[in-house]
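# Coordinate inspection notes
Each chain is listed here by its residues.
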Amino acid sequence: MTSLKITPQRSAAVSFTEPFMDTGIAIVVALREGSISTTAFLQPFDVALWVMILLVLINGTAIFLFLFEWLSPYGFNMQLYPPTGHRFSLFRAVWLVYTILFGASTPFDQPRGFVSRALANVWALFSLVFLASYTANLIKFMIAEDVYHNLSGINDSRLTKAEHFRPPFKFATVPYGSTEENIKSNQPQMYRYMRQFNTDKVVSGVKLVKQGYVLAAALCLQMCSLRSIALLLSF
């Protein structure tokens, strides 16, 4: 009396009792320690949003701030030069916008017009919300996560067309078992490719995956430092 996986070939030779357990073949890959990308500080927002913030909002706010100050009777009053004692300019408007955004404690010249001052307050409120949102989203991108080859299943192109990748994707299984038999029957091209990497024992296959000699192994086993990717077949 022993436990034995039921396959079509074995069923043709011997009679089996009713199955008492359903199991499966899992692809296992090694977990690797991830690293923080050098561009992680840009990942909280996509490219389009960064362009809108840097080019449209910041520069646009500075231009409208100066425009309202130029139109205001308390500011330029639509004159070429500001009144005596008022040193506000377009450059100083840009400086004011960046100072508020980054919360820098640097002196700056304030606008005198009511509309331009209201716009500066609105920009300060936006800067507060923006920095809070950016900081909250940045945290998750600054944490190094374990990385692994996330195969979608037996029909993943890295398995079915492994020789087309550079370097080729190496994977293996234990020969003369039900796993190899099923792959041989359903994926003959995959079977012919993986034969060169096959190992004689499950423990050896796990060791090869951990050492990086092969990148994946089709085994009926889950081990520490490994990750199960997909259920291939059931019995």
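These figures come from a predicted structure and were not determined experimentally. (Residues numbered from 1 in each chain as written. Predicted model: local features only at pLDDT ≥ 70, side-chain atom pairs only at ≥ 80, totals over all residues. Heavy atoms only, no water.)

This next bit is on the overall build of the chain. Looking only at helices and strands, the chain has 8 helices and 4 strands in total. Taken from the N to the C terminus, the helices and strands of the chain come in the order α-β-α-α-α-α-β-α-α-α-β-β. The buried share of the chain, taken over its 235 residues, is 33%. Across the chain, the fraction of contacts at a sequence separation of at least 24, relative to all contacts at a separation of at least 6, is 67%. Carbon and sulfur atoms provide 62% of the accessible area of the chain, an area that totals close to 15,300 Å². (Helix = DSSP H or I, 4+ residues; strand = E, 2+ residues; numbered from the N terminus. Buried < 20%, exposed > 50% of the residue type's maximum accessible area, 1.4 Å probe, protein only. Contact = heavy atoms within 4.5 Å. Areas by Shrake-Rupley, 256 points an atom, 1.4 Å probe, with all protein chains shown as cover.)

By the secondary structure assignment, Arg-10 is in helix H1 (residues 8-13). Considering only alpha carbons, one finds Arg-10 and Ser-178, 168 residues apart in sequence, at a separation of 9.5 Å.

With 17 residues, the main nonpolar core has Ile-58, Leu-65, Phe-88, Val-97 and Phe-130 as its most contacted residues. At the level of elements, helix H2 (47-71), helix H3 (90-102) and helix H4 (114-141) are the ones that each hand at least two residues to this core. Every residue in contact with Phe-88, bar those within four places of it in the chain, is listed here: Leu-65, Phe-66, Glu-69, Phe-76, Pro-82, Ala-93, Leu-96, Asp-109, Gln-110 and Pro-111. (Core = buried A, V, L, I, M, F, W, Y, C linked by side-chain atoms within 4.5 Å.)

As for its position among the elements, Asp-156 is in the loop between H4 and helix H5 (157-160). Sequence-distant contacts of Asp-156, defined by excluding residues within four places in its chain, comprise Asn-150 and Leu-151.

With that settled, consider the packing of aromatic side chains. Inspection of every chain in the model, using the stated rule, returns 14 aromatic pairs. Considering the side-chain rings of Tyr-74 and Phe-114, the 5.4 Å spacing of their centres and the 80° angle between planes classify their relative orientation as edge-to-face. Pair noted here: Tyr-74 is in the loop between H2 and H3 and Phe-114 is in helix H4, with a separation of 40 residues, a long-range link. With 6.2 Å between their ring centres and 10° between their planes, Tyr-98 and Phe-102 make a pair best called stacked. Linking Tyr-98 with Phe-102, this pair stays in helix H3, spanning 4 residues, or about one helical turn. Under the relative-accessibility criterion, Phe-102 is labelled exposed at 58%. (Phe/Tyr/Trp six-rings, centres within 6.5 Å; stacked < 30°, edge-to-face > 60°.)

Here the focus is the packing of H2 against H3. Taken N-terminus to C-terminus, the directions of H2 and H3 make an angle of 130°; their axes are 8 Å apart at the nearest point. Our classification of the angle between H2 and H3 gives oblique. The hand of the H2/H3 crossing is right-handed. For the pair H2 and H3, the contacting residues are Ile-58, Asn-59, Thr-61, Ala-62, Ile-63, Leu-65 and Phe-66 in the first and Leu-90, Ala-93, Val-94, Leu-96, Val-97, Tyr-98 and Leu-101 in the second. Looking at the contact of H2 with H3 residue by residue, the class counts come to 12 nonpolar, 2 polar and no charged. (Axes fitted to C-alpha atoms, helices over the stretch in contact; angles between N-to-C directions. Parallel < 35°, antiparallel > 145°, perpendicular 65-115°, else oblique. Left-handed = near helix turned anticlockwise from the far one by under 90°. Nonpolar A, V, L, I, M, F, W, Y, C, P; charged D, E, K, R; others polar.)

A word on H4. Between its first and last C-alpha atoms H4 spans 41 Å; for 28 residues at 1.5 Å apiece the expected length is 40 Å, and the two agree. Buried residues along H4 sit in contact with H2 and H3. (Expected span 1.5 Å × (residues − 1).)

Those residues of helix H8 (residues 202-211) that sit buried are Gly-205, Val-206, Leu-208 and Val-209. Mapping the buried residues of H8 onto a view down its axis gives an arc of 160°, with all of them on the same face. Within H8, the exposed residues directed more than 90 degrees away from the buried face are Val-203, Lys-207 and Gln-211. Positive backbone phi, approximately 85°, marks Gly-212, located one or two places after H8. (Arc of directions from axis to C-beta.)

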